[in-house]
Amino acid sequence: MKCALVFVALCVVVAVAVPVPDQNAETLKYDNSVNGVDGYSYQYETSNGISAQEAGELKNVGETSALAVRGSFTFTAADGQVYTVNYIADENGFQPEGAHIPKE
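Because the structure is a prediction, the values reported are computed rather than measured.

Visitor: Can you walk me through the pattern of salt bridges in this structure?
Guide: Working definition: two side chains of opposite charge can pair if their charged atoms are close together. The full count for this structure, using the stated rule, is one salt bridge. Taking the shortest distance from any N to any O, the salt bridge between Lys 59 and Glu 91 comes out at 3.4 Å. Within this pair, whereas Lys 59 is found in strand E3 (residues 51-61), its partner Glu 91 is found in the loop between strand E5 (82-90) and strand E6 (93-97), the two being separated by 32 residues in sequence. With a relative accessible area of 41%, Glu 91 lands in the partly exposed category.

Here is the structure:
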């Protein structure tokens, strides 16, 4: 079950990944931490302005466990505009927020 939750978290990360416009971008910063089976965190920054950070923890939801994730990523689009997305992914689904994302 816990492996499945980590797999879901990784799928969220891949789903929100942004194509790198600069093939020669270098990693400027990278940190990660795994806290046993209870949680993880990571952050990175690249030379072309992409950065991301995320932390997840296993929490009890009723009689089952669920992965609760908080994070954000920033990138520069082809038009030069910088975009940042903050998100939560938990038992209520993926909930992104950003100035460019329409609100209900």
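Back to the write-up after that little detour.
Visitor: Looking at this structure, I do not really get the environment of Tyr 44. What am I missing?
Guide: The topology assignment puts Tyr 44 in strand E2 (residues 39-46). The spacing of Tyr 44 and Asn 32 is 12 residues in sequence and 8.6 Å in space, taken between C-alpha atoms. Residues in contact with Tyr 44, not counting those within four places in the same chain, are Lys 29, Tyr 30, Ile 50, Ser 51 and Ala 52.

Visitor: Got a minute to help me understand the packing of aromatic side chains in this structure?
Guide: Any pair of aromatic rings gets described here by the distance separating the centres and the angle formed by the planes. This structure, assessed with the given rule, holds five aromatic pairs. Between Phe 73 and Phe 75 the ring centres are 6.2 Å apart and the planes differ by 20°, which places this aromatic pair in the stacked class. Since its relative accessible area comes to 11%, Phe 73 is described here as buried. The interplanar angle of 50° and the centroid separation of 6.3 Å between the aromatic rings of Phe 73 and Tyr 87 together place this pair among those described as tilted. You can see Phe 73 sitting in strand E4 (residues 64-76) and its partner Tyr 87 sitting in strand E5, a full 14 residues away along the chain. Of the two residues, Phe 73 and Tyr 87, neither departs from the other in class, the shared state being buried.

How each quantity is defined
- Residues numbered from 1 in each chain as written.
- Predicted model: local features only at pLDDT ≥ 70, side-chain atom pairs only at ≥ 80, totals over all residues.
- Heavy atoms only, no water.
- Salt bridge = Lys/Arg side-chain N within 4 Å of Asp/Glu carboxyl O.
- Helix = DSSP H or I, 4+ residues; strand = E, 2+ residues; numbered from the N terminus.
- Buried < 20%, exposed > 50% of the residue type's maximum accessible area, 1.4 Å probe, protein only.
- Contact = heavy atoms within 4.5 Å.
- Phe/Tyr/Trp six-rings, centres within 6.5 Å; stacked < 30°, edge-to-face > 60°.

Any functional reading would require information beyond the geometric quantities listed.
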